[in-house]
Amino acid sequence: MGRRRRAPEGAYTFDLVPDDGTEAAGSPAAGPDLPEATTVVDPGPPPAPGALSRWIRRWRGLSRRVRFGAVVVAATLVGAVVVVDGVVDRARSADLRAAAGGLVNLTGPPAEAWRLEDSEVGVRTPGGLVAVTGDVAAVHRYGELLGVDLVTGQRRWTVDLVDRAATCGPGLAFWAETVELTATAQVVCVGRAVSGEVTVITVDPDGTVLGRRVVTEDHDVVVPGPGGSVLTATWVGDPEDVDVDLQGDPMTNLTVVGEIDDGYDLEVRSTDSVTGAERWSEVVPFGDVIDSSQCVRWSTGGRNAELDRRGDVEHMVSGRLVGFSGCGVLAYFTPDGQRLDLTGLQDADGEVVRRVRPLVDGGFVVSAGEWGRTPWEFQVLDAEGAHQYTVRGRLLDPRATDGRPDERRLVTGDGQTWAVGPDGETVWSVGLSVTSYLARAGATAVVLDERDRVVGLDLATGEVRWVRADVVEPHAALADGRSGQVQSVFTDGHVVALVVPTYTDVEVVSRWQAVDASTGEDLWSADLPQEGWGVDVAVDGHLLRWWPAGLAGFTTELTS
């Protein structure tokens, strides 16, 4: 039994099943623990014959004043219900606009509404979707910043930058399975003039340039930061010499022989992009060298190498997380300067992969483990970067949500998937090996298991609500690497849409398949040819597709 799309609350439709017991086309495939029956609400017996006529006679027998008062009361109640529904709808819309993979309306397949391409100027040079501010997408292309209307694709404004190679942000953040573009009140661009001066330009949502200033303080790295800030990183200190040799071919098998037991500290500073006033700063002390190649500088096309403990500073900036790493230095911060607890990474030994990422419901996760091996250890941090609890297995974060927070997090390992509460204690467990947490919509967790089945789980109990074995497999883009088949996921709280790309010799076709989150039934599907590699991203409740040579906006609302 599926809720009717855009029907009033309480209106339901019913699945039709042939008399021979076979399933109707498009219904969920049977699977383990799939409920065998659906509860149907009994509307009650019909009114007795003549009841309506007796009610009319009684109504006519009332005085005009009483009838008028009753009508006013009824109209007031109806109006109150309409107002409450409107408030609830606006709240849901606001939640979806801020949610990962949240689209305000998914009742129909994507239809292109507008397109912005570099081909119009004759040169296909990569541009960049760098921010969303208000109802405008900020696009960096060549030596200018464009403000593009999210709905119509019209250019609202254009700002000339210092140079073509300027960096604007916060920018797109690519996590393990998702792409994030965090809304911001200001767009910040950092460029270097021919004279070598580094200039910061700050732009507000209507295209007004709030300020242009030159960065005067010393720095080794300067990049746009979140919330109208500029981030700089500078090597500081006076370390002791170290006894280290570089052996082998710099281009193929260079080896650092010896221990790099001392090095420079890294000062990280956040300043206001308009005024230059300091917001926060911290000196990250030199620590253990996890990757000795970060202490080496290559030159002459990689043919020569030398020890350099003030080498390149790698950085990662998003609207919710800031990270810097270098020779003996690794630090992550919240946008307001709170340092994340990385003891989980410091305790990891050997050749392991280390990752830090924000979680969709707030907070962060720190993980470490060997490539292709389980279990990993995941440390969950709160919004201030402090440790909450640790789980072993693989922590799953939904790729799309309806914006309503949930304290339960899913963990998988050893053929089981379980939910943990805010204290890390197990709430429920189900015998299902999950590879990806696709979406959380309403009371359902939609997951992908190791057999490429899309499964709907009851968030409260872990009970299997429905199983679909025919959504991903027929449209798989790769012959192996199953977890990479579903490229993007979106939801409006009722519909869950999966995007599975198929690559041919001449084009890329994105297969969109939409199912009802609560029942798993088919709602719609579409094949969209693409220009090549790109990413689909939810931006303020709207669907955009970015690729290296362009940007397009889509509508996903049923029009007929």
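Presented here is an overview of the structure given in this document. These numbers were taken from a predicted model, which means no experiment stands behind them. (Residues numbered from 1 in each chain as written. Predicted model: local features only at pLDDT ≥ 70, side-chain atom pairs only at ≥ 80, totals over all residues. Heavy atoms only, no water.)

**A short note on the side chain of Asp492**
Here is step 1: Mapped onto the elements, Asp492 comes out in the loop between β34 (488-491) and β35 (495-503).
Here is step 2: Of the polar contacts made by the side chain of Asp492, one reaches the backbone nitrogen of Val495; its length is 2.7 Å. (Helix = DSSP H or I, 4+ residues; strand = E, 2+ residues; numbered from the N terminus. Polar contact = N/O pair within 3.5 Å; in protein donor to acceptor, adjacent residues only side chain to side chain.)

**Digging into unusual backbone geometry**
Here is step 1: Along the chain, Gly169 connects to Pro170 via a cis peptide bond; the corresponding omega equals 20°.
Here is step 2: Take Pro170: it is sitting in the loop between β6 (167-169) and β7 (173-174).
Here is step 3: Unusually for a residue other than glycine, Asp414 sits at a positive phi of about 55°.
Here is step 4: Position of Asp414 among the secondary structure elements: in the loop between β27 (409-413) and β28 (416-420).
Here is step 5: Of note, the phi angle at Asp540 is positive, near 55°, even though the residue is not glycine.
Here is step 6: On the secondary structure map, Asp540 appears in the loop between β38 (535-539) and β39 (542-547).

**A few points about the sheet that holds strand β21 (residues 322-326)**
Here is step 1: Sheet architecture is open: three strands sit in the order β20-β21-β22, paired in antiparallel fashion. The sheet is open, and its two borders are formed by β20 (314-317) and β22 (329-333), each paired with just one other strand. Across the sheet, the mean angle separating the axes of adjacent strands is 5° when strand polarity is ignored.
Here is step 2: Pairing of β20 with β21 involves four bridges; the strand directions are antiparallel. The residue bridging His315 from the neighbouring strand is Phe324, located in β21. (Pairing = 2+ DSSP bridges. Axes fitted to C-alpha atoms, helices over the stretch in contact; angles between N-to-C directions.)

**A look at the environment of Pro170**
Here is step 1: Relative accessible area serves as the criterion here: at 12%, Pro170 is assigned to the buried category.
Here is step 2: Spatially, the C-alpha atoms of Pro170 and Gly319 are 6.0 Å apart, while their sequence positions differ by 149 residues.
Here is step 3: The residues contacting Pro170, other than those within four sequence positions of it, are Val130, Ala131, Thr184, Gly225, Pro226, Val317, Ser318 and Gly319. (Buried < 20%, exposed > 50% of the residue type's maximum accessible area, 1.4 Å probe, protein only. Contact = heavy atoms within 4.5 Å.)

**A short note on the pairing of strand β4 (residues 144-149)**
Here is step 1: Counted residue by residue, β4 has five buried out of six residues, so it is predominantly covered.
Here is step 2: Sheet topology places strand β3 (residues 136-141) next to β4; six bridges connect them, and they run antiparallel. The partner of Val136 across the bridge, within β4, is Asp149.
Here is step 3: The hairpin turn running from β3 into β4, its antiparallel successor, is two residues long, and Tyr142 in that turn takes a positive phi close to 55°.
Here is step 4: Pairing geometry for β4 and strand β5 (residues 155-160), over five bridges, is antiparallel.

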